[in-house]
Amino acid sequence: MPDSANDDVRFWFDPVCPYCWLTSTWVRTVARRRGFAVEWRFIALRLLNAHVDYDAWFPPEYEAGHTAGLRLLRVCAAVREQEGPDALARFYEALGAAVFEREEVPEHSGARERRGTHAFVLPVLQSVGLPAELAESLDDARHDPTIQAETDEALALTGKDVGTPILQIGPPDGLAFFGPVISRKPSDEEAVELWDHVVGLARFPGFAELKRSLRERPQLAAYGVGQGEVGLIEDWHGGSRRQHK
């Protein structure tokens, strides 16, 4: 077993990334069992793809979804600034559940845009006892430099040809990597076993990449895949289901 029991973790997340959410639930499970701390930091898919022609690279709903993610990250930044990192941890956990765990979400721009609205985020804030006025931060671009800086920080540790999530084990000097990208929720026992394998692989000197482009649709209500079900297998390219034009 790798000696990973006392290593804290930095976790860069975008709240609209389903694989980020699944990986975050796995990390939370292991953190409870192993006793390490998780620091939640920001990475915006909208900023990561600022140079990209969305119509050419992504399915039509992606731009709306990524923009909603940036808006939600502004609220996350305001929560951390005003209420502290523990409040951010609670808020992201509730926010991810609201985005992914409640009902199937149609794959069109309107459904994705709704995630970045006052009507969507206000009940999430209230559910974890946070001030309602934090919802006004959706439109507050004052937080964008912080989000950009943390996005840049993550990419400086991994290189630019990555997506979300990004993890760093043993910050500030430990190894950082993109992933793991998982489509199913592991049991508590599987979560710990997977953690030890990931940490062991990541710490091998010179390790760079282990990848496959075939992915199951996430085992989440938002994607119509229930517990015990296996999602449709899709071939991803460059961070999306669509091949580049």
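Computed from a prediction, not measured in an experiment: that's the story for all the values here.

(A) Main features of the overall build of the protein chain. Looking only at helices and strands, the protein chain has nine helices and six strands in total. Overall, the protein chain is about 45 × 45 × 35 Å in size when its C-alpha atoms are taken along their principal axes. In the protein chain, 72% of the contacts between residues at least 6 apart in sequence involve partners at least 24 apart. Entry remark: accessible area of the protein chain is about 11,700 Å², with carbon and sulfur atoms responsible for 50%. Counting 27 positive and 38 negative side-chain charges, the protein chain places the averaged centre of each group 2 Å from the other.

(B) Structural context of the confidence of the model for the protein chain. The predicted model of the protein chain has a mean per-residue pLDDT of 91, with 94% of residues at 70 or higher. Every residue in residues 1-5 scores below 50 in pLDDT, and together they form 14 contacts with partners more than four places removed in sequence or on other chains.

(C) Representation of the nonpolar core. Counting 72 residues, the largest nonpolar core has Phe13, Trp26, Val79, Phe91 and Trp195 as its most contacted members. The biggest single contributor to this core is helix H5 (residues 85-100), with 10 residues.

(D) Structural detail: helix H1 (residues 18-34). An ideal rise of 1.5 Å per residue puts 24 Å on 17 residues; H1 measures up with 24 Å between its terminal C-alpha atoms. Among the 17 residues in H1, 15 count as buried, and that is most of the element. Just past H1, the residue glycine 35 takes up positive phi, approximately 80 degrees.

(E) Local environment of the sheet that holds strand E2 (residues 38-42). What the four strands build is an open sheet, ordered E2-E1-E3-E4; its pairing is mixed. Only two strands of the sheet have a single neighbouring strand rather than two, namely E2 and strand E4 (176-178). Pairs of neighbouring strands in the sheet enclose a mean axial angle of 20 degrees, with direction left out of account. Bridge count between strand E1 (residues 9-13) and E2: five bridges; the pairing is parallel. Each residue of the ladder has a partner; that of valine 9, found in E2, is valine 38. Helix H4 (residues 62-83) contacts E1 and E2 of the sheet and is inclined by roughly 130 degrees relative to E2. Strand contacts of helix H9 (residues 188-202): E1, strand E3 (166-169) and E4, with the helix running at about 80 degrees to E3, the strand carrying the most contacts.

(F) Geometry of the packing of aromatic side chains. As enumerated under the stated definition, the model contains 10 aromatic pairs in all. Judged by centre distance (5.0 Å) and plane angle (25 degrees), the ring pair of phenylalanine 36 and tryptophan 195 falls under stacked. Of this pair, phenylalanine 36 sits in the loop between H1 and E2 while tryptophan 195 sits in helix H9, and the two are 159 residues apart along the sequence. Residue classification places tryptophan 195 among the buried residues on the basis of a relative accessible area of 0%. Ring geometry for phenylalanine 58 versus tyrosine 62: centroids 5.2 Å apart, planes at 15 degrees, classification stacked. Site record: aromatic cluster; members linked through ring pairs are Phe11, Phe13, Trp21, Trp40, Phe42 and Tyr92. The ring of tyrosine 19 has arginine 215 sitting right over it, with the charged end atom 4.8 Å from the ring centre.

(G) Looking closely at the pattern of salt bridges. Scanning the entire structure with this criterion turns up 17 salt bridges. When the shortest N-O distance is used, the salt bridge between arginine 41 and glutamate 153 registers 2.9 Å. Of this pair, arginine 41 sits in strand E2 while glutamate 153 sits in helix H8 (residues 144-158), and the two are 112 residues apart along the sequence. Through salt bridges with shared partners, a single ionic network connects Arg10, Glu39, Arg41, Arg80, Glu150 and Glu153.

(H) Representation of the environment of phenylalanine 100. Relative to the helices and strands, phenylalanine 100 is located in helix H5. You can call phenylalanine 100 buried: its relative accessible area is 0%. When the C-alpha positions of phenylalanine 100 and arginine 112 are compared, they lie 11 Å apart, and in sequence the two are 12 residues distant.

The rules behind the values
Residues numbered from 1 in each chain as written. Predicted model: local features only at pLDDT ≥ 70, side-chain atom pairs only at ≥ 80, totals over all residues. Heavy atoms only, no water. Helix = DSSP H or I, 4+ residues; strand = E, 2+ residues; numbered from the N terminus. Contact = heavy atoms within 4.5 Å. Areas by Shrake-Rupley, 256 points an atom, 1.4 Å probe, with all protein chains shown as cover. Lys, Arg positive; Asp, Glu negative; His and termini not counted. Charge placed at Lys NZ, Arg CZ, Asp CG, Glu CD. pLDDT = per-residue confidence, 0-100. Core = buried A, V, L, I, M, F, W, Y, C linked by side-chain atoms within 4.5 Å. Buried < 20%, exposed > 50% of the residue type's maximum accessible area, 1.4 Å probe, protein only. Expected span 1.5 Å × (residues − 1). Pairing = 2+ DSSP bridges. Axes fitted to C-alpha atoms, helices over the stretch in contact; angles between N-to-C directions. Phe/Tyr/Trp six-rings, centres within 6.5 Å; stacked < 30°, edge-to-face > 60°. Lys NZ or Arg CZ within 6 Å of the ring centre and 35° of its normal. Salt bridge = Lys/Arg side-chain N within 4 Å of Asp/Glu carboxyl O.

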